[in-house]
Amino acid sequence: VIEFKLQHRSGGATRVQLGAGALSAVAASIPPSGGRALLADRQVAALHAQRLGELAEPRLELEAGEACKSFAQLERALEFLAVQGLERGGTVLSLGGGAALDLAGLAAALYMRGIALVHCPTSLLAMVDAAVGGKAAINLAAGKNLAGAFHHPRAVYMDSETLRSLPPAELASGLGEVVKTALIAGEPLYAQLEREAPALVRAEPAALEPVIEACVRLKARIVASDERDLGPRQVLNLGHTFAHALEREAGYGALPHGIAVAVGLVLALETSARMGVLREPELAPRTAALLERLGLPASLDALRARCACAFEPAALLAAMAHDKKARGGLRLVLPVALGEIARELAPPPGLLEALLAPR
Ligand SMILES: NC(=O)c1ccc[n+]([C@@H]2O[C@H](COP(=O)([O-])OP(=O)(O)OC[C@H]3O[C@@H](n4cnc5c(N)ncnc54)[C@H](O)[C@@H]3O)[C@@H](O)[C@H]2O)c1
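Residues numbered from 1 in each chain as written. Predicted model: local features only at pLDDT ≥ 70, side-chain atom pairs only at ≥ 80, totals over all residues. Heavy atoms only, no water.

A. Summary view of the nonpolar core. Counting residues in each nonpolar core, the largest one holds 84 residues, and the members touching the most others are Leu124, Met158, Ile212, Phe242 and Leu246. The next biggest cluster of nonpolar side chains, apart from the first, holds 24 residues, and it includes Leu60, Cys68, Ala104 and Tyr111. (Core = buried A, V, L, I, M, F, W, Y, C linked by side-chain atoms within 4.5 Å. Buried < 20%, exposed > 50% of the residue type's maximum accessible area, 1.4 Å probe, protein only.)

B. Spatial organisation of the site of the ligand. Taken together, 26 residues form the shell around the ligand, and within it Glu66, Lys69, Gly98, Ser123 and Ser165 come nearest. One of the side-chain nitrogen or oxygen atoms of aspartate 102 is found 2.9 Å away from a nitrogen atom of the ligand. Within the side chain of serine 123, a nitrogen or oxygen atom sits 2.5 Å from an oxygen atom of the ligand. Calculation on the ligand without its partners gives an accessible area of 860 Å², and the protein chains cover 88% of this total. Elements represented by at least two residues in the shell around the ligand include exactly α1 (42-48), α3 (98-110), α4 (124-130) and β8 (143-150). Broken down by element, the residue count for the shell around the ligand peaks at four residues, all from α1. (Near = heavy atom within 4 Å. Polar contact = N/O pair within 3.5 Å; in protein donor to acceptor, adjacent residues only side chain to side chain. Areas by Shrake-Rupley, 256 points an atom, 1.4 Å probe, with all protein chains shown as cover. Helix = DSSP H or I, 4+ residues; strand = E, 2+ residues; numbered from the N terminus.)

C. Fine view of the layout of surface pockets. Space inside the second largest pocket adds up to approximately 180 Å³. If you trace the second largest pocket, you find 15 residues lining it, with Ser10, Gly11, His151, His152 and Glu227 closest to the centre. Taken together, the residues that form the lining of the second largest pocket break down as three nonpolar, eight polar and four charged. (1 Å grid on protein atoms, 1.4 Å probe; cavity = no way out; pocket = protein on both sides within 12 Å on 5 of 7 lines; lining within 4 Å. Points joined across faces, edges and corners; volume = space filled by probe spheres on them. Nonpolar A, V, L, I, M, F, W, Y, C, P; charged D, E, K, R; others polar.)

D. Seen up close, empty space enclosed by the protein. For the structure on display, the rule yields four cavities of 30 Å³ or more. Here the second largest cavity is characterised by a volume of approximately 50 Å³. Residue lining of the second largest cavity: Leu101, Asp102, Gly105, Leu117, His119, Ala130, Gly134, Lys135, Ala136, His151 and Pro153, and that is the complete set. Those elements giving two or more residues to the lining of the second largest cavity turn out to be α3, β6 (116-121) and β7 (135-140). Among the elements that line the lining of the second largest cavity, the one with the most residues is α3, at three residues. Here the residues of the lining of the second largest cavity are counted per class, giving five nonpolar, four polar and two charged.

E. Inspection of the packing of helix α5 (residues 168-185) against helix α7 (residues 205-224) at higher detail. At a minimum axis distance of 10 Å, the contact between α5 and α7 shows a crossing angle of 60°. Regarding the angle of α5 to α7, the classification is oblique. Where α5 crosses over α7, the two elements pack in a sense that is left-handed. Here Val178, Thr181, Ile184 and Ala185 of α5 come into contact with α7, specifically with Val211, Cys215, Leu218 and Ile222. Its residues placed into classes, the contact of α5 with α7 shows seven nonpolar, one polar and no charged. (Axes fitted to C-alpha atoms, helices over the stretch in contact; angles between N-to-C directions. Parallel < 35°, antiparallel > 145°, perpendicular 65-115°, else oblique. Left-handed = near helix turned anticlockwise from the far one by under 90°. Contact = heavy atoms within 4.5 Å.)

Here is the structure:
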């Protein structure tokens, strides 16, 4: 089991335990008094709640996946915490993918103005991304993640055994975010992915665990430099302006987030190359090859073929303009070189239309 501590600028810290069987150690993070309750993705609870031993109860089962990020589910969760008699010193435990963690994180942030939170992510995407960074949100009709709060977990337990039951598309989705992180982190992690691609696709814990650790540490370092997401943290949005537009066009829920991110990375690299920003032109084909080896689409046309969705350039551009990160005209986060990312770059007129057209 790998164990480390993430220190927060705002005070406090998050202890991270990562390895096979990590869920059997969660009790060490729960104080004896104040009460506790588990908020769990229903599908994941059926598969893995027993790994938590007596902490599996009391438990509220949430709608599986993205459907839990609603006011109705948040209300159910808060009422459940109250009925269970949780006090200020109590602890909310989460179990599931990023959606369940977001819902549980927001419930913990709101209940009695904030109580302790312990995350147990069970998807690769939740391990490398959602479990750390302190953001939690639910969706509004107007868009994703529009109602939320900042609330760091006290501890995160990542049990690589749980990844064995992850559907292949969800594993691929997590790997999309991993490739994003490697583009930000630079050569050692990126080359590790190239070396370990076959083992990563087979979800082998020995290959996944060091990669998850590297991703978590990098995200934590960037977040520590900008906890409130005012500037430097935006590099984590590499590929995401494209990805959000693709997800919107596919219809929310139809396209796993990290798969959209994979295509977003390719489009960001191409944009960067066409703008003359990319110092290492070979990084674009190199990344496309890596994505393919990880079972991810490596071009917009490949995604069109996979999804039976036209992804019309005009519709994608309109969706990109709506992205919540678009202030005063579209600005993109773009790679300059492996391990070097620039933000706030404005693509020249016409470039994106050409890039997004079917070839
Ligand atoms: N707060 C943050 O910083 C942050 C960061 C990234 C993503 N997110 C959020 O996370 C969500 C995406 O997370 P996700 O990709 O984990 O999706 P998800 O939570 O919707 O889970 C995807 C599916 O996988 C299932 N699942 C999860 N773990 C499983 C397992 N071990 N075995 C079998 N099935 C399993 C779930 O039931 C669900 O059906 C989005 O809502 C996104 O906004 C938040």
